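Residue strings, one per chain:
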Amino acid sequence: MDKQGRLIVLEGTDGSGKSTQFQLLCRRLEAAGKPFHRLVFPQYQEPSSALVRMYLGGAFGSHPEDVGPYAASTFYAVDRYASMKRVWGEIYRAGGLVLSDRYTTSNAVHQTGKLPPEEWETFLRWLADFEYDKLGLPRPDLVLYLDMPTERAVELLRRRERETHSKGDIHEVDEAYLAQCRRAAHTAAALWGWVRISCVTPEGQVRPEEDIHREIWDLVSEHL
């Protein structure tokens, strides 16, 4: 009989510092000698992300709202399904620890806000049924949501663009969309039981990376 593994997800809006925290957590687990499998979604180098890349690149419209939340969610869900079937499903079913940078939770953050607020809960329940029940993707054991105020996230995104001499995708360049994503994320966090980690101090200053990492590590350690 298969043993159930453990799935831990780091989630956040664009500009929340999520990728940095994911890397710090992976290094900490490696240093502690804890075996785990890491995932980063979308899988931009894989064929399964073709529709995601087209969508983010503006092939279906230059604004996020040009593709409805139900259609866009399927693009990302198919990429996750392919990954589970080809890469990490057996590891999880054998009882392994899987750590993921984004997951089904990202559809909740980035797609929910395209709808009127009175439809958010209906969409989130559809999303959970579609990805977890219909597609069979595992439900996370722990979701850590990095909560960064939108104005701070935008500052970090614009700085990254200047440093890399590149322009963000259609999500990252739309500040009103990013603000709506944060509002939707708070609804999803309450409905799905995510742990919210504030990325700023009570005074509104961005917390040091190591400070946030220590809080994340304390929470993750309880699931190891």
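Read on for an overview of the structure. (Residues numbered from 1 in each chain as written. Predicted model: local features only at pLDDT ≥ 70, side-chain atom pairs only at ≥ 80, totals over all residues. Heavy atoms only, no water.)

Considerations on the overall build of the protein chain
To keep it simple, the criterion reads: By definition, any uninterrupted DSSP run of H or I lasting at least four residues is a helix, any uninterrupted run of E lasting at least two residues is a strand, and each is numbered from the N terminus. The atom set for the radius of gyration is the C-alpha atoms, and the globule formula is 2.2 Å times the number of residues raised to the power 0.38. Partly exposed residues are those whose accessible area sits between 20% and 50% of the maximum for their type, while under 20% is buried and over 50% is exposed, using a 1.4 Å probe and protein chains only. The contact criterion used throughout is that any non-hydrogen atoms of two residues lie within 4.5 Å. With residues, only the protein chains shown are counted as cover, and all accessible areas are computed by Shrake-Rupley using a 1.4 Å probe.
Looking only at helices and strands, the protein chain has eight helices and five strands in total. When the helices and strands of the protein chain are listed from N to C terminus, the series reads β-α-β-α-α-β-α-α-β-α-α-β-α. Taken over the C-alpha trace, the protein chain has a radius of gyration of 17 Å; the compact-globule value for 224 residues is 17 Å, and the two agree within 12%. C-alpha extents for the protein chain along the principal axes are approximately 45 × 40 × 35 Å. Relative to its 224 residues, the protein chain shows a buried fraction of 50%. Sequence-distant contacts in the protein chain: of pairs separated by 6 or more residues, those separated by 24 or more amount to 77%. Counting only carbon and sulfur atoms, one obtains 51% of the accessible surface of the protein chain, whose full area is about 10900 Å².

Some details on the environment of F60
Mapping F60 onto the fold places it in the loop between α2 (50-56) and α3 (69-93). Residue classification places F60 among the partly exposed positions, given a relative accessible area of 31%. Note: C-alpha distance between F60 and S100 (40 residues apart in sequence) is 27 Å. Not counting residues within four places of it along the chain, the set of residues in contact with F60 comprises L51, M54, Y55, D66, V67 and F75.

Here we look at the state of the cysteines
Filter applied, for reference: By disulfide we mean two sulfur atoms from cysteines, separated by a distance within 2.5 Å.
Tallied over the full model, the rule gives zero disulfides. We note that C26 lacks a disulfide partner, and the nearest cysteine sulfur, in C199, lies 17 Å from it. You can see C181 has no disulfide; the closest cysteine sulfur is in C199, sitting 15 Å from it. By relative accessible area, which is 1% here, C181 ends up buried.

Read these as geometric descriptors, not functional statements.
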